[in-house]
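Here is what each chain is made of, one letter per residue.
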Amino acid sequence: MKKVNFVGEFSDVKVEGLMKIVSSLEKNLLKDFSIKINSNKKFDLLNIHSAGFLPALKKRKTINVPIIYSLHTNFGSNFFQVLKNNYDLKKYILDDTYSYHTNFFQRSRKLLFKLLSISYPTAFKKLLFKKYSKVIVPNYYMKKKLNYSNVEVIRHGINIEKFIPKKIPHKKIAVSYIGHLGVEKGIIEAVYALSSLDDTYTKSLFLTGKTDKFLSFVKSRDENISIYGTSKNIVKTYQEQDIIILPFRNEVAAIGTPLVLIEAMATGKAIITTNLQHLKEYCSDSVLYVEPYDTKDLISKLNQLVSDPKLRKELGIKARLRAETYFDEKVMIEKYTNMYNKLLMK
């Protein structure tokens, strides 16, 4: 059995989208390949999994095996977006209870990393990827950006048979934001949009973390917004919602494929998200779009959805169909398997 080495900075597979994808690949490819994680032993193929381009600076082609670079994100933030997001992080979220990058050194390091990442010209980033046997990207938007013959699109996939539509009766229209406590994810815009609705609606935030400062901010806007931690039954959580708002601020925040987006699509939800190019590629006409950072636009689209049950149903049906067509993890696994076999035969 051929040995494949997965290389990357892998953390908690339960909440991170990239880690969920890598975990799914590892589990499903084991029947055909011997998968190792960050191994120093001899292997037949190297697959780098990254949420950015900087690891490409470290992994030069110095070994005589095929190397695949799976780029699971986009690169598209600009300098001012990074500074704006960092400002809002401090204003609305950051305090002593913040669970990520809690000290000054760690926060500064993360900010420096982001600024360094966007400071490299796109042409230089593209040149780094040219040397690999294959570069895998999750959308055609990124393929067009890189524009090399070794770039291939393999869409991220989820378990379509697990994430299914199901009608769970409830009295009030349920509107929620589901995701990380990150300003770049649009959490601040989401709070303002939810607070624009009166208490005849169920308004919820399902978050992977929270801080005292953020809780105070939410309650100062609307005491009727319920705040929950990571859901123990994420499928049921999706099914209990009528509308899900995901107002990503930029391409990097929306990563290569936001799993929360395609999971919500698979469960047949009415969704509002931002009009980023790769999200439009994924969703087409199955969601409503808003401009990034535009709270007024988000509130307007939310009012449109809460007042139109027919539109919510139509969007949900379209979203489920697109998820079935484009985001089945079986297709993702099959394409990786075929690619591995082709490269190992050379």
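Since the model is a prediction, treat every value here as computed from it, not as a measurement.

Quick notes on the rules
- Residues numbered from 1 in each chain as written.
- Predicted model: local features only at pLDDT ≥ 70, side-chain atom pairs only at ≥ 80, totals over all residues.
- Heavy atoms only, no water.
- Helix = DSSP H or I, 4+ residues; strand = E, 2+ residues; numbered from the N terminus.
- Contact = heavy atoms within 4.5 Å.
- Patch = residues over 30% accessible without salt bridge, like charges linked within 9 Å, V, L, I, M, F, W, Y side chains within 5 Å.
- Areas by Shrake-Rupley, 256 points an atom, 1.4 Å probe, with all protein chains shown as cover.
- Salt bridge = Lys/Arg side-chain N within 4 Å of Asp/Glu carboxyl O.
- Lys, Arg positive; Asp, Glu negative; His and termini not counted.
- Charge placed at Lys NZ, Arg CZ, Asp CG, Glu CD.
- Buried < 20%, exposed > 50% of the residue type's maximum accessible area, 1.4 Å probe, protein only.
- Phe/Tyr/Trp six-rings, centres within 6.5 Å; stacked < 30°, edge-to-face > 60°.
- Pairing = 2+ DSSP bridges.
- Axes fitted to C-alpha atoms, helices over the stretch in contact; angles between N-to-C directions.
- Right-handed = clockwise from strand over helix to strand, strands pointing away.
- Polar contact = N/O pair within 3.5 Å; in protein donor to acceptor, adjacent residues only side chain to side chain.

S.K.: So what exactly am I meant to see when it comes to the overall build of the protein chain here?
M.R.: Helices and strands together make up the secondary structure of the protein chain, namely 14 helices and 12 strands. Long-range contacts, defined here as pairs at least 24 residues apart, represent 71% of the contacts in the protein chain between residues at least 6 apart.

S.K.: Please clarify how a positive patch on the surface should be interpreted in this entry.
M.R.: There is a patch of like positive charges on the surface, built from Lys 3, Lys 36, Lys 41 and Lys 42. Structurally, the position occupied by Lys 42 is in the loop between β2 (34-37) and β3 (45-50). Residue Lys 42 is classed as exposed on the basis of its relative accessible area of 75%.

S.K.: Just to check I follow, could you spell out the packing of aromatic side chains for this structure?
M.R.: Two numbers describe a pair of aromatic rings. These are the distance of the centres and the angle of the planes. Counting across every chain of the model gives 10 aromatic pairs. Centre to centre, the rings of Phe 33 and Tyr 340 are 5.2 Å apart; their planes meet at 80 degrees, and the pair counts as edge-to-face. Here the residue Phe 33 occupies a position in the loop between α1 (17-29) and β2, and Tyr 340 occupies one in helix α14 (residues 329-345), the gap between them amounting to 307 residues. Owing to a relative accessible area of 0%, Tyr 340 belongs among the buried residues under this scheme. Through successive ring pairs, a cluster of aromatic residues spans Tyr 92, Tyr 192, Phe 214 and Phe 217.

S.K.: Got a minute to help me understand helix α7 (residues 187-195) in this structure?
M.R.: A turn of α-helix holds 3.6 residues, and therefore any two residues three or four places apart point the same way. Judged by how many residues are buried, α7 sits mostly within the fold: eight of nine residues are covered. Inspection of α7 places Ile 187, Ile 188, Glu 189, Ala 190, Val 191, Ala 193, Leu 194 and Ser 195 among the buried residues, and these make up the whole buried set.

S.K.: What exactly am I supposed to notice about the sheet that holds β3 here?
M.R.: Remark on secondary structure: sheet strands pair via backbone hydrogen bonds, oriented parallel or antiparallel. Ordered by their spatial adjacency, six strands build an open sheet running β2-β1-β3-β4-β5-β6, and the pairing between neighbours is parallel. The sheet is open, and its two edges are formed by β2 and β6 (151-153), each paired on a single side. Between one strand and the next, the sheet's axes are offset by a mean angle of 25 degrees, whatever the strand orientation. In terms of strand pairing, β3 meets strand β4 (residues 67-71) through five bridges, oriented parallel. When the sheet's bridge partners are listed, Leu 46 is paired in β4 with Ile 67. Packed on one face of the sheet, α1 meets β1 (3-7), β2 and β3 and runs near 170 degrees to β1. Strands β1, β3, β4, β5 (134-137) and β6 of the sheet are contacted by α14, whose axis makes an angle of about 140 degrees with β3.

S.K.: Whenever I open this one, the sheet that holds strand β7 (residues 174-179) confuses me. Can you help?
M.R.: Read across the sheet, six strands follow the order β9-β8-β7-β10-β11-β12 without closing on themselves; strand pairing throughout is parallel. At either margin of the open sheet sits one strand with a lone partner, and together these are β9 (225-228) and β12 (288-290). Recorded for the sheet is a direction-independent mean angle of 20 degrees between the axes of neighbouring strands. Of the pairings in the sheet, the one linking strand β8 (residues 202-207) to β9 comprises four bridges and is parallel in character. Paired with Ser 204 across the bridge in β9 is Ser 226. Helix α12 (residues 295-306) rests against β7, β10 (243-246), β11 (270-274) and β12 of the sheet, and its axis sits at about 160 degrees to β12.

S.K.: Sorry if this is basic, but what is going on with the pairing of β5 here?
M.R.: Every regular strand shows the same layout, with side chains that alternate between the two sheet faces. When β4 meets β5, the two strands line up parallel, connected through three bridges. For Ile 68, the partnering residue across the bridge sits in β5 and is Lys 134. Here β5 pairs with β6 via three bridges, running parallel. When the bridges of β6 are listed, Val 135 appears paired with Val 151. In this fold, the crossover linking β5 to β6 by way of helix α6 (residues 140-146) has right-handed handedness.

S.K.: Even after reading the chapter, I still don't get the side chain of Gln 239, so can you show me in this structure?
M.R.: Along the chain, Gln 239 turns up in helix α9 (residues 234-239). A polar side-chain atom of Gln 239 sits 2.9 Å from the main-chain carbonyl oxygen of Ile 164. Those residues within four positions of Gln 239 in sequence are excluded, and the remaining contacts are Ile 164, Pro 165, Lys 166, Ile 168 and Lys 269.

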